[in-house]
Amino acid sequence: ASKTVTITQTPSASIKKVADQETVATPGNVNYTYTVKNTGNVTLTEVTLSDNKNPLVTLGQTELAVGEKVTVTGTYDVTQAHIDAGESIVNVATLTAKQNIPVTQASKTVTITQTPSASITKEADITIFTVPGRVTYTYTVKNTGNMTLTEVALTDNKLPSVTLGQTELAVGESVTVYGTYDVTQTDITNGESIVNIATLTAKQNIPVTQASETVSVKQEPNVSISKVANQKAFVAPGIVTYTYTVR
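Residues numbered from 1 in each chain as written. Predicted model: local features only at pLDDT ≥ 70, side-chain atom pairs only at ≥ 80, totals over all residues. Heavy atoms only, no water.

**Some remarks on the overall build of the protein**
No. 1: Helix and strand counts for the protein stand at two helices and 18 strands.
No. 2: Taken over the C-alpha trace, the protein has a radius of gyration of 39 Å; the compact-globule value for 247 residues is 18 Å, which it surpasses by more than 25%.
No. 3: C-alpha extents for the protein along the principal axes are approximately 175 × 20 × 20 Å.
No. 4: Out of the 247 residues belonging to the protein, those deemed buried represent 34%.
No. 5: Pairs at least 24 apart in sequence give 62% of the contacts found in the protein among residues at least 6 apart.
No. 6: Put simply, the protein shows about 14,800 Å² of open surface, and 50% of that area lies on carbon and sulfur atoms.
No. 7: Treating the 17 positive side-chain charges of the protein as one cloud and the 20 negative ones as another, the clouds have centres 4 Å apart. (Helix = DSSP H or I, 4+ residues; strand = E, 2+ residues; numbered from the N terminus. Rg over C-alpha atoms; globule rule 2.2 N^0.38 Å. Buried < 20%, exposed > 50% of the residue type's maximum accessible area, 1.4 Å probe, protein only. Contact = heavy atoms within 4.5 Å. Areas by Shrake-Rupley, 256 points an atom, 1.4 Å probe, with all protein chains shown as cover. Lys, Arg positive; Asp, Glu negative; His and termini not counted. Charge placed at Lys NZ, Arg CZ, Asp CG, Glu CD.)

**Quick look at the side chain of N146**
No. 1: Along the chain, the position of N146 falls in the loop between β10 (133-143) and β11 (149-150).
No. 2: Since its relative accessible area comes to 7%, N146 is described here as buried.
No. 3: A polar side-chain atom of N146 sits 2.7 Å from the main-chain carbonyl oxygen of A25.
No. 4: Within the structure, N146 has its side chain in polar contact with the backbone nitrogen of T115 (distance 2.7 Å).
No. 5: Sequence-distant contacts of N146, defined by excluding residues within four places in its chain, comprise A25, Q80, I83, T113, Q114, T115, P116 and V171. (Polar contact = N/O pair within 3.5 Å; in protein donor to acceptor, adjacent residues only side chain to side chain.)

**Quick look at the sheet that holds β10**
No. 1: A sheet is described by the order of its strands in space; here three strands give the open sequence β8-β10-β14, paired in antiparallel fashion. Whereas interior strands pair on both sides, the edge strands pair on one side only; in this sheet they are β8 (118-124) and β14 (174-183). Looking at each pair of strands side by side, their axes are set apart by 20° on average, direction ignored.
No. 2: In terms of strand pairing, β8 meets β10 through seven bridges, oriented antiparallel. Across the sheet, residue S119 finds its bridge partner in β10, namely K142. (Pairing = 2+ DSSP bridges. Axes fitted to C-alpha atoms, helices over the stretch in contact; angles between N-to-C directions.)

**What to know about the sheet that holds strand β16 (residues 209-217)**
The strands that make up a sheet pair up through hydrogen bonds in the backbone, lying either parallel or antiparallel.
No. 1: Taking strand neighbours across the sheet as the criterion, the four strands line up as β9-β16-β15-β12 in an open arrangement whose pairing is mixed. Two strands in the sheet have a free side with no partner beyond their single neighbour: β9 (128-129) and β12 (153-156).
No. 2: As paired elements, strand β15 (residues 194-201) and β16 share seven bridges and run antiparallel to each other. Within β16, the residue paired with I194 across the bridge is V215.

**Re the pattern of salt bridges**
No. 1: Tallying each qualifying case throughout the model produces four salt bridges.
No. 2: Notably, a salt bridge pairs K122 with D156, separated by 2.6 Å at the nearest N-O pair. A residue pair is termed long-range when its members are at least 10 positions apart, and K122 in strand β8 and D156 in strand β12 qualify at 34 residues.
No. 3: The class of K122 is buried, set by a relative accessible area of 8%.
No. 4: Judged by its relative accessible area of 6%, D156 falls in the buried class.
No. 5: In this structure, the salt-bridge partner of D182 is R134, at a minimum N-O distance of 2.7 Å. Note that D182 is positioned in strand β14 and R134 in strand β10, a separation of 48 residues in sequence.
No. 6: Overall, R134 belongs to the partly exposed group, its relative accessible area being 49%. (Salt bridge = Lys/Arg side-chain N within 4 Å of Asp/Glu carboxyl O.)

**Observations regarding the environment of L56**
No. 1: Along the polypeptide, L56 turns up in the loop between β4 (48-51) and β5 (69-78).
No. 2: Judged by relative accessible area, which is 75%, L56 ranks as exposed.

**Remarks on a nonpolar patch on the surface**
No. 1: A surface patch of nonpolar side chains, amounting to about 460 Å² of accessible area, comprises I225, Y242, Y244 and V246.
No. 2: When residues of the nonpolar patch are assigned to their parent elements, the largest contribution, three residues, is made by strand β18 (residues 242-246).
No. 3: With respect to the element layout, I225 can be found in strand β17 (residues 225-229).
No. 4: Accessibility expressed as a relative area gives 62% for I225, which makes it exposed. (Patch = residues over 30% accessible without salt bridge, like charges linked within 9 Å, V, L, I, M, F, W, Y side chains within 5 Å.)

**Things to note about the nonpolar core**
No. 1: If you look at the biggest cluster of nonpolar residues, it comprises 29 residues, and the most contacted ones within it are Y32, L44, L49 and V78.
No. 2: Residue assignment for this core shows that the elements contributing at least two residues are β1 (13-19), β3 (28-38), β5, β6 (89-96) and β7 (104-112).
No. 3: Discounting residues that sit within four places of it in the chain, L49 has contacts with I15, Y34, V57, T58, L59, V72, A93, T94 and L95.
No. 4: Formed by 28 residues, the second largest nonpolar core is a distinct cluster that contains I120, L149, V183 and I188. (Core = buried A, V, L, I, M, F, W, Y, C linked by side-chain atoms within 4.5 Å.)

Take a look at the structure:
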């Protein structure tokens, strides 16, 4: 008597992928851990592990016994370009085998956090004027955020000629420029402090970034008068002429 026992093959596998960071705000490495397991009932051969963002990742072996589990790691370099773009890093790991296992993939998303910001300081070389003169301002601008700033512009409400001299600021970059303002007699006569405000803007919509500097005008009113006679003494009637000089 003959009896046939049918062998049922169910090739399958699983893959799990974990990142050591969920969000990234600066350039650096994201480390991934891949855990692969043969969840079927047949030995898997010609096994390959690939990652669409990390071509260097490999399983380190080409065969997986039933129930066998293997863990490997991979690294992805997050660059300043990634931070500037602000797009999440989505990569997909795929496991294949000769035994035609069902589609076996694992996806992981790492979010990019952007914090555009800048600072500006403004300093006058002279802060009090009693007579007309020139004040020189020093402007120091710095990118204090985590992304490159573009279309950067520096303006001053009293000095339309002031410019930064460049339109891009790398992360941490600092630039110093100068501007001058001529204090006139009209400013002295008016007696009002000279208050001007520098403003920095960028395409990246940084928070309001301004710096104000006040130059005081000190009025010192003073009048003098002198009087001179054309003759100091008389021996006969006559006319004396006085000259008055007011300053």
